[in-house]
Amino acid sequence: VNVTINDFKNFIDTATWQSYALFHILSKMSDKRKMDSLKVWLSIRHGVPFNAVNLVNLKGIGRKLAIILYKNGYTKKKEICGDKERVKAILTQEGLANQIWRIDELCKQKS
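Residues numbered from 1 in each chain as written. Predicted model: local features only at pLDDT ≥ 70, side-chain atom pairs only at ≥ 80, totals over all residues. Heavy atoms only, no water.

A.B. asks: Before we go on, may I ask you to explain the nonpolar core in this structure?
C.D. replies: One recurring pattern in soluble globular proteins is that nonpolar side chains are buried together. Grouped together as the largest cluster of nonpolar side chains are 25 residues, with contacts concentrated most on Val48, Leu55, Ile61, Leu69, Ile80, Val87 and Leu91. Here this core gets 5 residues from one element, more than from any other, and that element is helix α4 (residues 63-71). In this structure, leucine 55 is in contact with Ile61, Ala66, Leu69, Tyr70, Tyr74, Thr75, Lys76 and Ile80, ignoring residues within four places of it in sequence. (Core = buried A, V, L, I, M, F, W, Y, C linked by side-chain atoms within 4.5 Å. Buried < 20%, exposed > 50% of the residue type's maximum accessible area, 1.4 Å probe, protein only. Helix = DSSP H or I, 4+ residues; strand = E, 2+ residues; numbered from the N terminus. Contact = heavy atoms within 4.5 Å.)

A.B. asks: What is the right way to read the packing of helix α1 (residues 5-28) against helix α2 (residues 34-46) from this model?
C.D. replies: What describes two packed helices is the angle between their axes and the distance between those same axes. Close contact between α1 and α2 brings their axes to 8 Å; oriented N to C, the two are set at 160°. Here α1 is positioned roughly antiparallel relative to α2, judged by the angle of their axes. Regarding α1 and α2, the two cross each other, and that crossing is left-handed. Between α1 and α2, the residues in contact are Ile12, Ala15, Thr16, Ser19, Tyr20, Leu22, Phe23, Leu26 and Ser27 and Lys34, Ser37, Leu38, Val40, Trp41, Ile44 and Arg45, respectively. Residues of the contact of α1 with α2, tallied by class, amount to 10 nonpolar, 4 polar and 2 charged. (Axes fitted to C-alpha atoms, helices over the stretch in contact; angles between N-to-C directions. Parallel < 35°, antiparallel > 145°, perpendicular 65-115°, else oblique. Left-handed = near helix turned anticlockwise from the far one by under 90°. Nonpolar A, V, L, I, M, F, W, Y, C, P; charged D, E, K, R; others polar.)

A.B. asks: Help me out: how do you make sense of helix α7 (residues 100-108) in this one?
C.D. replies: Side chains three or four residues apart in an α-helix point the same way, a direct result of the helix having 3.6 residues per turn. Listed as buried for α7 are Ile100, Ile103 and Leu106. An end-on view of α7 places all buried positions within 115° of arc, on one side of the element. Check the buried side of α7 and you find it contacts α5 (77-82) and α6 (84-93). (Arc of directions from axis to C-beta.)

A.B. asks: Sorry if this is basic, but what is going on with the environment of valine 48 here?
C.D. replies: Its place among the elements puts valine 48 in the loop between α2 and α3 (53-56). Sequence separation of valine 48 and lysine 28 is 20 residues, and the distance between their C-alpha atoms is 26 Å. Discounting residues that sit within four places of it in the chain, valine 48 has contacts with Ser43, Val53, Val56, Arg63, Ala66 and Ile67.

A.B. asks: Before we go on, may I ask you to explain the packing of α6 against α7 in this structure?
C.D. replies: The geometry of α6 relative to α7 is characterised by a closest axis approach of 9 Å and an angle of 155° between their N-to-C directions. With respect to α7, the element α6 is oriented roughly antiparallel. Between α6 and α7 the crossing geometry is right-handed. From α6, Lys84, Val87, Lys88, Leu91 and Thr92 reach across to α7, where they touch Ile100, Ile103, Asp104 and Cys107. Residues belonging to the contact of α6 with α7 are distributed by class as follows: 5 nonpolar, 1 polar and 3 charged.

A.B. asks: Just to check I follow, could you spell out α4 for this structure?
C.D. replies: What α4 keeps buried is the set Leu65, Ala66, Ile67, Ile68 and Leu69. In the stretch just after α4, glycine 73 is the one whose phi turns positive, near 95°.

This is how it looks when you write it as structure tokens:
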């Protein structure tokens, strides 16, 4: 099967649009499943598990960094900044030592 990067991008774009539409339809119908559909939409939109959406919304934290942080148990800025040295060690171990500055910048910012 010859699947190109454009095919994959189109699939993600379609899934994002469909999950967003489903959320709005369920919201208008006052359906209790609307929150589940919101989680799906946000996960697809940001390309991370739902529990990592908060991380990807932090300034300077992209999808890849958010996923690594989430896989290592971090879900909030407070957790990251409270354990900065361990986070830096994790990034170094993951081959992302050049991204450590992002953690320093994040922790300088006021919430």
